[in-house]
Amino acid sequence: MKKVKNKIDRIIYKFLSRYKAPRMIWGFKNPNGVFCRRTRFSDTVFWYHKENVFIEDNAFVWHYSIIDGTGGVHIEEGAQIGAWVGIFTHSSHIAIRLYGNHYQTVPEFEKAGFSIKPVRIGKYSFIAAGSKILPGVSIGKGVIVAAGSIVSENVPDFSIVAGNPAKVIGSVNKLDERYLRDNDHIKQYYAEWAES
């Protein structure tokens, strides 16, 4: 019986993987009704309290990411969120112990010890694959968060952060300098958002 079940599972998996590969969706409608047609996100993104998620135009959220809008998430213009990224705006690490078996009977926003804090991702920042952004964090514009980082504190504009916990390890200004120096035609594009 187990062999038959395993064979059926393999057939179903093969069928689904052939016809249900992740895909990108163009356009995001914000809670205020504004439609951002150049924003793209994967159909595999898990949205929690999507009604509290605001994403500006030209942003990007890749496959298998989690966006927790409990406390409010604002992803600014052009920000890119890599695959398997978690953006969290709540934590139940205290409330679950306080309430025990009664945890699920109390509404989220009424629980003692249920921490809720907003998250903001700045313009044209890049959050690399596998990173986690914790409640209350504000990431400045033009930031690079290295793959697998755990960001638990605010990040200044144009920083490069890495690690667990994530720490500033450099500046994107130095990284961008050589590209801007060698490509005059992009200086104007860069200045449009970086100097605002």
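Computed from a predicted structure; not experimentally measured. (Residues numbered from 1 in each chain as written. Predicted model: local features only at pLDDT ≥ 70, side-chain atom pairs only at ≥ 80, totals over all residues. Heavy atoms only, no water.)

**Side note on the sheet that holds strand β14 (residues 132-133)**
Hydrogen bonds along the backbone pair up the strands of a sheet, which may run parallel or antiparallel. Rules: Paired strands are those between which DSSP finds at least two bridges. By definition, any uninterrupted DSSP run of H or I lasting at least four residues is a helix, any uninterrupted run of E lasting at least two residues is a strand, and each is numbered from the N terminus.
Here we have 5 strands laid out as an open sheet, ordered β3-β6-β9-β14-β17, and parallel in their pairing. Edge strands, defined here as strands with exactly one partner in the open sheet, are β3 (46-48) and β17 (150-151). Two strands pair when backbone bridges link them, and strand β6 (residues 66-68) and strand β9 (residues 86-87) are joined in this way by 2 bridges, in the parallel orientation. Following the sheet pairing, Ile67 is matched in β9 by Ile87.

**Focus: the sheet that holds strand β15 (residues 138-139)**
If you trace the 4 strands from one edge of the open sheet to the other, you get β4-β7-β12-β15, paired in parallel fashion. With partners counted over all chains shown, the strands left at the sheet margins are β4 (53-55) and β15, one partner each. Both strand β12 (residues 119-121) and β15 contribute to a ladder of 2 bridges, which runs parallel. Of the residues in β15, the one forming a bridge with Ile121 is Ile139.

The values are spatial; any link to function lies outside them.
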